[in-house]
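Single-letter residue listing:
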Amino acid sequence: SPSHASRAPLTKILLPLSRLEDETSNVVSNHLVWLDDIQALTAETFRTDKKPDPANWEYKSLYRGNIARYKRKGGLCLGIDLKKQHIIWDSSATGKKESHKRPERYFTRSNVKLLNMDGIPVHSKSQTSPSGLSTFIPVSQLDSDACPVTTWVNPLGIYDPSTTLWLQGKGPPRHETAKQEALQESSKNVNSVLMAKVEEYNKKIRENPRDVHTWMEFVSFQDELLRGPSCYAICEGEQEVRRKSLKLILEKKLAILERAIESNPNDVELKLAKLKLCTEFWEPSALIKEWQKLVFLHPNNPELWQKYLLFCQSQFSTFTVLKVHSLYGKCLSTLAAVQDGSMVSHPILPGTEEAMLALFLQQCHFLRQAGHSEKAVSLFQALIDFTFFKPDSVKDLPTRGQVEFFEPFWDSGEPRIGEKGAKGWKAWMHQQEKGGWIVEEDADEDEEIKDKTLPKWRIWLDIECSREAKHWLPWRPDKTKKQAEEDCEDPERQVLFDDLGPSLIKLSSPDLQFQLLYSFLQFLGVPCGYSLLPSCIYVAMDDNIFDNGQSDERVLTSFDSPLSGVSGIGCMNTMNRGGNHIGHCKEGEEFIQNVFHLLLPLFSGKGKSNLSVYWLQYENSKVIQCLRTKNKKKLKSQGKKSKRLAKSLLKVPENRNSLPLWKLYAYLEWLLGNTEDARKVFDTALSMVGTVGLRNTQLCNLSLLYAELEVELLESLEGTAMSRAVHILTKLTESSSYIPYSGQVLSVNILKARKTYEHTLQDYLSESSEQISSSHLVSVAGCYALFQYLTVGIDAAVPIYRQIYGKLKGLVAQTCESLAEHTGIQDVTTALETVTLMHTNLLRYHMKASVYPLNPLRETLTEALKLYPSNQSLWQSYIKIQNKSHNASKARRFFDSVARSTKSLEPWLFAIQAEQMRKNLVETVQRVDIGEVYATIPETGLTNRIKALFEHAVQSENGTHCPLLWRMYLHFMVREQRNKERSKGLYYRALQNCPWAKVLYMDAVEYFPDQLQETLDLMTEKELRVRVPIEELELLLEV
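This report concerns the structure included in the present document. Computed from a predicted model, the values in this text were never measured in an experiment.

### A few points about the pattern of salt bridges
Under the defined criterion, the tally for this structure stands at 30 salt bridges. We note a salt bridge from Glu464 to Lys998, for which the minimum N-O separation is 2.6 Å. Within this pair, whereas Glu464 is found in helix α18 (residues 456–470), its partner Lys998 is found in helix α39 (residues 998–1007), the two being separated by 534 residues in sequence. Lys998 sits in the buried class, given a relative accessible area of 0%. Where Asp896 meets Arg900, a salt bridge forms, and the shortest distance between an N and an O atom there is 2.9 Å. With a gap of four residues between them, Asp896 and Arg900 both fall in helix α34 (residues 889–901), about one helical turn apart. Here the residues in one salt-bridge network are Glu374, Glu464, Glu468, Lys998, Arg1025 and Arg1027, joined through shared partners.

### Observations concerning the packing of aromatic side chains
This structure, assessed with the given rule, holds 41 aromatic pairs. Ring geometry for Tyr201 against Phe218: centres 5.3 Å apart, planes inclined by 25 degrees, an arrangement best described as stacked. With Tyr201 in helix α7 (residues 192–207) and Phe218 in helix α8 (residues 212–221), this residue pair connects regions lying 17 residues apart in the sequence. Of the residues examined, Tyr201 reaches a relative accessible area of 15% and is grouped as buried. Accessibility expressed as a relative area gives 5% for Phe218, which makes it buried. Centre to centre, the rings of Trp875 and Phe895 are 5.2 Å apart; their planes meet at 15 degrees, and the pair counts as stacked. One end of the pair, Trp875, is in helix α33 (residues 872–882); the other, Phe895, is in helix α34, and 20 residues separate them in sequence. By relative accessible area, Phe895 is classed as buried at 7%.

### Digging into unusual backbone geometry
Here Lys630, not a glycine, exhibits a phi torsion of approximately 60 degrees, which is positive. By the element assignment, Lys630 lies in the loop between α22 (606–629) and α23 (632–651). When its relative accessible area of 70% is taken as the criterion, Lys630 is described as exposed.

### Side note on a nonpolar patch on the surface
Residues Leu78, Leu156, Ile158, Tyr159, Trp166 and Leu167 make up a contiguous nonpolar surface patch of about 700 Å² in total accessible area. When you line up the elements, Leu167 lands in helix α5 (residues 161–167). Using a relative accessible area of 39% as the deciding quantity, one classes Leu167 as partly exposed.

### Notes on the state of the cysteines
Taken as a whole and judged by the stated rule, the model has zero disulfides. No disulfide involves Cys994; its sulfur sits 7.1 Å from the nearest other cysteine sulfur, which is in Cys962. Among the residues examined, Cys994 registers a relative accessible area of 0% and is labelled buried.

Conventions used here
- Sequence order sets the numbering: in each chain, residues are counted from 1 along the sequence as written.
- Restriction of local features to residues with pLDDT of at least 70 applies here, the model being predicted, together with a cutoff of 80 or more for giving and counting side-chain atom pairs; totals for whole chains, interfaces and linings are based on all residues.
- Calculated side-chain values reflect all of the structure's heavy atoms, with hydrogen atoms and water omitted.
- By salt bridge we mean one thing: a side-chain nitrogen of Lys or Arg within 4 Å of a carboxyl oxygen of Asp or Glu.
- Note on conventions: DSSP H or I runs of at least 4 residues are helices, E runs of at least 2 residues are strands, and numbering of each starts at the N terminus.
- For every residue, the accessible area (1.4 Å probe, protein chains only) is compared with the maximum for its type, and the residue is labelled buried under 20%, exposed over 50%, or partly exposed between those bounds.
- Here the aromatic set is Phe, Tyr and Trp, taking the six-membered ring for Trp, and pairing holds for ring centres within 6.5 Å; pairs whose planes are under 30 degrees apart are stacked, those over 60 apart are edge-to-face, and all others are tilted.
- In this scheme, patches are assembled from residues that exceed 30% relative accessible area and form no salt bridge. Like charges are connected within 9 Å, while nonpolar side chains (Val, Leu, Ile, Met, Phe, Trp, Tyr) are connected within 5 Å.
- Per-residue and other accessible areas were derived by the Shrake-Rupley procedure at a 1.4 Å probe size, with only the shown protein chains allowed to occlude residues.
- When two cysteine sulfur atoms lie within 2.5 Å, the pair is treated as a disulfide.

In structure tokens form, the structure reads like this:
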């Protein structure tokens, strides 16, 4: 054998040679001898070769040709105990094959499929002891020491019973066969639970095919077959793989929906779901035809119209501004016919009038975003005149008939709402019988290029933004200068009646009429506290919603309304230039003043008071903006204008006792730095009321603001019980007239005030939901909590907010159960949000003034944000406190849980903002020019995390068509990536979803300045408003 040869390296053994007897020794003495030549053979015929082989010295092993080769079949060896012994065979081939195999990760397709399989239950054959008494799980093991049974089939005892039976030609016992079949069956049927659900749905649908809810549940159930990836695990190649697997699910859903529509041919929800699925398969032209068929079959459904308009508005290939604008007119005129009863075939649905107003507001914001500001303002002018100044002689006519009478007034050239000398449609019709009147108007001013050395794209942006800010009013011919319509340099500034006639609607409800008026003021930039409906708020959202730390100076009295994200008229800037500008040019400010002067005489009581308050709030907001921008010159002039307006409004007899106006006037003086004058105004207003006390909501609000402003002036929390703020809150509870602060507060008065607050609050908490006023309860709670904070401490103030929070939360539940009116639910919900804001503001102030743990504030915010995920003020506070934390995992989990539980877009937007703030903080630390820096907050893939958040946000239902989200995404990518081609791809992707948003095109001019001509051509093709054509720009540069 080879082993013997290796032990005797000096001797070569040749097996054909043999040892001979003595008589043959002479014959074989020289060399080898053939066996045939030897006549006499003995039993042992061999010979030893004593000549050494030098190869045994030179090489480490024998020549491979002398070693017998064989192939091994299988890795086992007979005669070993498989449970205790194991043989490792060395083989270079198998090692090479294994080295090329990569270990599979948990996210590979095979492992994900394995994880989604149902587990096979395993049971122990014998239970030796009860499970409750044993401290470990026993592992059964065969007794290997037992002697194996030997038979004629199994002589060595190495075969198992199944092999022995097979060698004998027999099969296994029946009970073992049944066990194996059951095991195979359970392993095959891994989706038994899903199959059971499918059978259950099929049974329900078969028994009740009219149940639309079950059909929709069955469609949604198909998503369980395709598990989505984690929130932060999207790579470039994964999207394509996921899209292919999605197609199978979508086809299955489509088949189910077609069956459902066959059983329910008149159901709109099923047809909408089918159209939503078909966007993945069909061409835009085919989809539009299906939408047109659906709208033709259901012309009285406002929700269907709203989705149809959004679909046409977001189709880049077929989108033009005029086409979508005409669709809005067709929609509103059709719904108006349904409202009048002219369309006999389709009855009016509940909530049609509210939906018509929402569609009208959506149309106005669409025109504003597309750059057609003049048409948007004209629409508001026309509808307000059509609603509030309607002659009595046409009120009984249908909508189309009223529009026909309105057209001569609009084309007459008479002043309209907001223009100097405007008197309204009703007064014009009466005056027509007496010969009419003449109105004088002022002329506009043009702008010039300030610096011709700037790049061409920069000059275009400057002029375009300037004209957007100045020319948002429709152009009217000046009769004093004998101008005609042909004298207008820019025909787009003229608005014809054909552009707005189809969109005029009839609003009979007083609440909707006020909502229209307040929406118009909000559109002009006047803060009224009214926001768009959730169905269209995100489509109109195109401006910044983050205050960037501007509200940190005044924690308790952040009176200015939060940024809604919907930019005002005339404000169209790029992301780098910033927005949120308050105020207009001279013509715009005169327009707003004329609107208020014309509308105030129409109302009385609460309506007139609200309009006055909104007007003064607008002036105060301009003062706050001057304070933030630190423009002292403008602040001085603006302060004089605002004080003049406040005094003029308070001189009106109806407003002399209006506490909201007195409160705003005093706050204005405080903002301007006139603290003593503001205190005199506050004291005058408080002494004017008399002995009303805690029973007056407006008095509580006035006292609370006064006290909060005084608290913000305190340098420390020591001795606050004797402060002016405590005096104000104490006098509020007394039945006597208000006496100004003299420098001290008696302890007896503090004790009496605490008892009064406590009894008043308990009385309110014990009242039923019908008797209680939620706004009054919030005002009293705010005063009591601040009083306790100043006299006892923060631990005494927090339980008050907890009590009110629990009471109002119970009221919301009771109101929902009793199916009360929507307004009641809205009032309680607003009060609940206000209580939470007051609670968080007090905690933030206390943390600023002294040492206090962060956890109570964090818990309060998280509890409130779960209820109100769209409240921007709460999110602002949350990301500010989380930005101070080194550990972001808790905040990320919270953002993810809220985003999954709601359709609101705010959780996504503020999650992105929080990560960007964290990234900026890390970069600030790492860029400090002091040598080597060790960052305490490591940058662990923040860029990829932000990109993943953006991707998930733009794929959500409300984020797909949100211009602000796409602007933020594009801004981030341009700033982070040097590769402009990828950013251009994202820009075109944004246009596919928001082709109407002019701000996206203006951002592109700034990010990709070499494509100015291409961008302007695209805007012209889509009929967006271009105020400075490239030809005019070149002429201006040559002058």
